Amino acid sequence: MMYFPEEVLEHVFDFLSSHRDRNAASLVCKSWFKVERWSRHKVFIGNCYAITPERLIKRFPKVRSLSLKGKPHFADFNLVPHEWGGFVLPWIEAMAKSYPGLEELRLKRMVVSDESLELLSRAFPNFKALVLVSCEGFTTDGLASIAANCRFLRELDLQENDVDDHRGHWLCRFPDSCTSLVSLNFACLKGEVNLGALERLVARCPNLRSLRLNRSVPAEILCKILVKAPQLMDLGAGSCILVPRSDSFTKLTSAFLNCASVKSLSGFWEVTPRCLPAVYPICSKLTSLNLSYAPAIQGNDLIKLIRHCQKLQRLWVLDCIGDKGLAVVASTCKELQELRVFPSDPYVGGNAGVTEEGLVSVSIGCPKLHSLLYFCQQMTNAALTTVAKNCPRFTRFRLCILDPKRPDHMTSQPLDEGFGAIVQSCKDLRRLSLSGLLTDQVFLYIGMYAERLEMLSIAFAGDSDKGMLYVLNGCKNLRKLEIRDCPFGDDALLTDVGKYETMRSLWMSSCDVTIRGCKVLAEKMPRLNVEIINDKDLIEETPDDNQKVEKMYVYRTLDGPRKDAPEFVWTM
Amino acid sequence: MEKGVPAGLLEITELRLGLPGERDRVLEEKKGKKGKKRAFCEDEDGKDGEEDDDVDDELGRVKDGVVGWPPICSYRQKTKSSCRNGGGVRVRYVKVSMDGAPFLRKIDLNMYRGYSDLSLAFRNIFGYLRVGDISEKDPKFSEYKPIYEDKDGDWMLVGDVPWEMFTESCRRLRIMKSSHSTEVDVEA
């Protein structure tokens, strides 16, 4: 083996930005392992219970940036009780002792208390970036600590969190000396903020590139902000209630005219649709547009706006866009790569919404499309087959037909063939969510063709254990499998127990797995945590082993059963 | 087959030879009451629409029988139920005047969750108005008292009654200079 001085190795490793590459490098030999671990500054932990903070610190002594994910994905849909876990405090406490140089913390689906935020703000003098996605447990008091104490804060990014909003004064806690902000996103906060403090903060941060406001910020203030920060590249508007052709409307239009750099637009929690033309000046440069929180923008107003956005790469909308609107997207947005269509009103169906027609037109008009999330009323195998042919580059394909188990509405057949076409055609598919009426056949196709598949979400599908087995046997790169309301039981679960150590996690709820099955799995695989979440009224002292398990969450771990599990979570 | 499946779940998974949306049309007919009720409407003060019992039953069964479906993340659901679009949450616009300010404003009381939210709104709305020589930081700002006219036409001091009672009975607001208090007959 050729001898490289460690400094050279470290310099070479600097060029390895992906975690997987660095992980691979660390396995080559002891010397590489050592150099790599001392020079690793960024770590990503996909399941906070896979290892303890202590183990992280022992392996990587010089971490500056940590990303952590907590609850399983189905927690997003209220399937995981609030007190399940995913607390960040132990991590912050451990890092406070060992990582004085910590600069960045990114959390997803974790419980973050005000105490954690206070500790975070005081323990790391160089702290620069806090990103919280789908987290809960904190209030604006915690944000006040971050604002007040993090002297070099560059990024405060709050996405879709459940925050208890006490008052609007947290913004005032940014000291006058804070001029380093590059990104500020408080769109998910529900309460008022001090608008004067906001304006002054924006005015003194010349590097501010990304600003997302919440609904309490009115149009007049947005206008003043745009005048003070014409260098913005990413804007989330708050409320945009204006009288058309009024003074304020004219001022806002000219403010937008001056914003030559805005590429990404979102927000519009409330808006006077007839004032949307104020935004037209920036539309032709937009690459990302998120109107999925703007139900007031509908029909022709929405379509007119989209006609101005020829450079769009990412579009998130509500299904009130309709098939007609999607046809406009198809003819206008030739660069489109990612499309998400959310339901505006999932329980009252009928005329609103999109169908397979809209999806087909987009697949014809937008050949670069590779990422899709589509909530629709109905689908057909023919449409899916056409989409598969037109867009073979899908990496993420999530289709949600609102009515569970709905068949092809033309032929009344299951949608096995349609999804089969998708997995056969899209060789790079990494993420797939299924819906509609599906038999074991679709899983046979997935096992056969979806070689690169990493994450699969299944609901109300399949006929027998064979379905699950096709997937477990076939998908070599599977990392996350989440299943609800399918007839898969202990046989499917236990046929290849070693598989689960190659995966991050497995979720099964309302299936046919029993307590006995879980016990057997836990016994055979000591490096898995097999957790059973009991709905409160089903807790029994000595449950019958034959009882079906309502919710099971299995994940690999190096550190055994977690110590913070609440009483309704049993680790087998 | 799954055992103990709620009746609503079986119903919606039933294969039918009907037009798409027919089931929903049936539900629409059953409603018969004014306005659309969204099943995921999470009222913050915990009030469920008592009047829409039938609707609640049907939609509730769909909602309760299939927890977590459709897979829309809970943040988005909560946001949807609290945002206003046609036929959604009531609005309660009231006029707000401030002594010395040249024109009035209108605010929607239902946008605020309590008195502290409201006082911050006052600060935001009127803090930028140069009211004579008074500006936001001036200690004299605290010489202003917010009062409101209630259903009976009486002028009351803001803050005495619970928030919900206030929003129900408030007809208009006035931010009054304390020195003017003799002009208005304010109920104690």
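Residues numbered from 1 in each chain as written. Chains lettered and ligands numbered in written order. Predicted model: local features only at pLDDT ≥ 70, side-chain atom pairs only at ≥ 80, totals over all residues. Heavy atoms only, no water.

Caption draft 1: Spotlight on the overall build of chain B. Each helix and strand in chain B was counted, giving 6 helices and 6 strands. When its helices and strands are written in sequence order, chain B yields α-α-α-α-β-β-α-β-β-α-β-β. In chain B, the share of contacts with a sequence separation of at least 24, taken over all contacts with a separation of at least 6, comes to 56%. Of the roughly 11200 Å² that chain B leaves accessible, carbon and sulfur atoms contribute 50%. (Helix = DSSP H or I, 4+ residues; strand = E, 2+ residues; numbered from the N terminus. Contact = heavy atoms within 4.5 Å. Areas by Shrake-Rupley, 256 points an atom, 1.4 Å probe, with all protein chains shown as cover.)

Caption draft 2: Region of interest: unusual backbone geometry. Residue W69(B) is joined to P70(B) through a cis peptide bond whose omega torsion reads -5°. Among the secondary structure elements, P70(B) is positioned in the loop between α3 (53–65) and α4 (74–82). Its identity as a non-glycine residue notwithstanding, D485(A) has a phi of 55°, on the positive side. Along the polypeptide, D485(A) turns up in the loop between β19 (480–484) and α19 (490–494).

Caption draft 3: Just the pairing of strand β14 (residues 338–342) of chain A, in detail. All names here are of chain A. For β14, the tally of buried residues reaches 5 of 5 residues, placing the bulk of the element in the interior. Here β14 shows no split at all, with E338, R340 and F342 on one side and L339 and V341 on the other all buried. Direction of pairing for strand β13 (residues 314–318) relative to β14: parallel, over a ladder of 5 bridges. Within the sheet, the bridge partner assigned to W316 lies in β14 and is R340. Crossover connection from β13 via helix α13 (residues 322–332) to parallel β14: handedness right-handed. Note that β14 and strand β15 (residues 371–376) share 4 bridges and pair parallel. Bridge pairing in β15 places E338 opposite S371. (Buried < 20%, exposed > 50% of the residue type's maximum accessible area, 1.4 Å probe, protein only. Pairing = 2+ DSSP bridges. Right-handed = clockwise from strand over helix to strand, strands pointing away.)

Caption draft 4: Quick peek at the side chain of T79(B). Assignment of secondary structure puts T79(B) in helix α4. Judged by relative accessible area, T79(B) falls into the buried class, the value being 9%. In this structure the side chain of T79(B) is engaged in a polar contact, spanning 2.6 Å, whose partner is the backbone oxygen of Y75(B). Those residues in contact with T79(B) that lie beyond four places of it in its chain are R215(A), W269(A) and Y293(A). (Polar contact = N/O pair within 3.5 Å; in protein donor to acceptor, adjacent residues only side chain to side chain.)

Caption draft 5: How the structure looks around the packing of aromatic side chains. Under the criterion given, the structure shown has 22 aromatic pairs over all chains. Look at W163(B) and F166(B): their rings are 5.3 Å apart centre to centre, the planes differ by 45°, and that puts the pair in the tilted class. Placement of the pair is W163(B) and F166(B) together in helix α6 (residues 163–169), with a separation of 3 residues, close to one helical turn. A residue is classified by how much of its surface remains accessible, and W163(B), at 11% relative accessible area, is buried. Relative accessible area serves as the criterion here: at 0%, F166(B) is assigned to the buried category. Following the ring pairs from residue to residue traces out a cluster consisting of Y49(A), F74(A), F77(A), W84(A), W507(A), Y553(A) and Y555(A). In this structure, R562(A) packs its charged tip against the face of Y49(A), placed 4.5 Å from the ring centre. In this structure, R562(A) is placed above the aromatic ring of W84(A), and the distance from its NZ or CZ to the ring centre is 4.3 Å. (Phe/Tyr/Trp six-rings, centres within 6.5 Å; stacked < 30°, edge-to-face > 60°. Lys NZ or Arg CZ within 6 Å of the ring centre and 35° of its normal.)

Caption draft 6: Looking closely at the nonpolar core. Residue and element names in this part refer to chain A. Among the nonpolar cores identified, the biggest contains 193 residues, and F397, I446 and L506 are the most heavily contacted of them. The element contributing the most residues to this core is helix α9 (residues 219–228), with 6 residues. Excluding its chain neighbours within four sequence positions, the residues that come into contact with L506 are M468, L481, I483, L493, Y500, M552, Y553 and V554. (Core = buried A, V, L, I, M, F, W, Y, C linked by side-chain atoms within 4.5 Å.)

Caption draft 7: Inspection of the environment of K62(A) at higher detail. Residue and element names in this part refer to chain A. You can see K62 is positioned in the loop between α4 (53–59) and β2 (65–69). With relative accessibility at 44%, the residue K62 sits in the partly exposed group. Placed 122 residues apart in sequence, K62 and L184 show a C-alpha to C-alpha distance of 27 Å. Setting aside residues no more than four positions away along its own chain, K62 makes contact with W38, R40, H41 and Y99.

Caption draft 8: Local environment of α13(A). Residue and element names in this part refer to chain A. Most of α13 sits out of view: 8 of its 11 residues are buried. Of the residues making up α13, those classed as buried are G322, D323, G325, L326, V328, V329, A330 and T332. Lining the buried residues of α13 we find α12 (299–307), β13, β14, α14 (356–365) and β15.

Caption draft 9: Representation of the pattern of salt bridges in the model. All names here are of chain A. Per the counting criterion, the structure on display carries 30 salt bridges over all chains. In this structure, R314 engages E338 in a salt bridge whose closest nitrogen and oxygen atoms are separated by 3.7 Å. One end of the pair, R314, is in strand β13; the other, E338, is in strand β14, and 24 residues separate them in sequence. Residue classification places R314 among the partly exposed positions, given a relative accessible area of 38%. Here R484 and D485 are joined by a salt bridge, their closest N and O atoms 2.8 Å apart. (Salt bridge = Lys/Arg side-chain N within 4 Å of Asp/Glu carboxyl O.)

Caption draft 10: Seen up close, the state of the cysteines. Scanning the model with the defined rule gives 0 disulfides over all chains in all. With no disulfide of its own, C511(A) lies closest to C486(A) among cysteine sulfurs, the gap being 5.3 Å. We note that C73(B) lacks a disulfide partner, and the nearest cysteine sulfur, in C188(A), lies 11 Å from it. (Disulfide = S-S within 2.5 Å.)

Caption draft 11: Fine view of the confidence of the model for chain B. Residue and element names in this part refer to chain B. Of all residues in chain B, 46% attain a pLDDT of 70 or more, and the chain-wide mean is 63. For chain B, α3 is the element with the lowest average pLDDT, namely 37, and strand β4 (residues 155–157) is the one with the highest, namely 89. For the stretch residues 1–5, pLDDT sits under 50, and the model shows 2 contacts to residues farther than four places along the chain or on other chains. Taken together, the stretch residues 21–65 has pLDDT below 50 and engages in 57 contacts with residues farther than four places along the chain or on a different chain. (pLDDT = per-residue confidence, 0-100.)

Caption draft 12: How the structure looks around the side chain of N194(A). Structurally, N194(A) can be placed in the loop between β8 (183–185) and α8 (195–203). A distance of 3.0 Å separates a polar atom in the side chain of N194(A) from the backbone nitrogen of A197(A).

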